[in-house]
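# Observations on the model geometry
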Amino acid sequence: MHSACLGKGELSDQWLFGPALMPCPVSHYKARSRAVYFPAGGWYDFYTGAYIDGGRTREMPAPYSRMPLFVRAGSIIPFGPDMEWSDQYPAEDIRLYVYAGADADFTLYEDDGLTYAYEKGACSRIPIHWDDAARRLTIGARDGRFPGMLTERHFHVVLVDRATPHAYDPDAEGVPCAYAGEAVTLNL
């Protein structure tokens, strides 16, 4: 269906995955583009970092090698190392992708990944806040503990905004931040 033909209520093949991600699969044989409706606000192409104004439908590339995926402006998405199982090795290095354009909040939740001890409170939460106007990221004080928990870790903050589009890269350097459980603020 051509983007000009999309009307209200005709979106049956794209959705929001949580508050931040919008996957838009391609289901037409040999299609290399597709109409995507972008809800109001700003959006970023996950693979290029390009900014897209919302509130309208656009024809977007849909290469054979990947599904179109977009990120809402005002999102924080953490990426840890590739692992085959939850405790293969400690997730000491986390890449935090911050998609500018609105304030954002995210809570990094962790538990031992093996037992039901979290049901008795054996877990931790790290609040993360992006203040868009001040261009400031605050990684808050850790709340909670559990046996085997990492006490120190490294965040690498990758800011994606209109002026500095960044495609997702699992090895992106970003702005380094050592974290030991106490609040840390970065001006980006």
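Residues numbered from 1 in each chain as written. Predicted model: local features only at pLDDT ≥ 70, side-chain atom pairs only at ≥ 80, totals over all residues. Heavy atoms only, no water.

Moving on, we get to the confidence of the model for the protein chain. Atomic detail in the predicted coordinates should be set aside for any region of low pLDDT. Predicted confidence across the protein chain gives a mean pLDDT of 91, with 94% of residues reaching 70 or more. Note on residues 1-8: pLDDT is under 50 here. Beyond four places in sequence and across chains, it has 12 contacts. (pLDDT = per-residue confidence, 0-100. Contact = heavy atoms within 4.5 Å.)

Strand order in the open sheet formed by four strands is E9-E10-E11-E14, and the pairing between neighbours is antiparallel. The open sheet has two free edges, formed respectively by strand E9 (104-110) and strand E14 (184-187), since each of these has just one partner strand. Between one strand axis and the next, the sheet turns through 15 degrees on average, direction left out of account. For strand E11 (residues 136-139) and E14, the ladder comprises four bridges, and the chain directions are antiparallel. Bridge pairing links arginine 136 to asparagine 187 in E14. (Pairing = 2+ DSSP bridges. Helix = DSSP H or I, 4+ residues; strand = E, 2+ residues; numbered from the N terminus. Axes fitted to C-alpha atoms, helices over the stretch in contact; angles between N-to-C directions.)

The subject of this paragraph is the pattern of salt bridges. The final tally for this structure, using the stated rule, is four salt bridges. Among the salt bridges present, the one from arginine 162 reaches aspartate 53, with a minimum N-O distance of 3.4 Å. A residue pair is termed long-range when its members are at least 10 positions apart, and arginine 162 in the loop between strand E12 (153-160) and strand E13 (175-179) and aspartate 53 in strand E4 (residues 51-53) qualify at 109 residues. Taking relative accessible area as the criterion, arginine 162 reaches 55% and is therefore assigned exposed. Note that arginine 135 and aspartate 161 form a salt bridge whose closest N and O atoms lie 2.6 Å from each other. In this pair, arginine 135 is assigned in the loop between strand E10 (124-131) and E11 and aspartate 161 in the loop between E12 and E13, connecting sequence segments 26 residues apart. (Salt bridge = Lys/Arg side-chain N within 4 Å of Asp/Glu carboxyl O. Buried < 20%, exposed > 50% of the residue type's maximum accessible area, 1.4 Å probe, protein only.)

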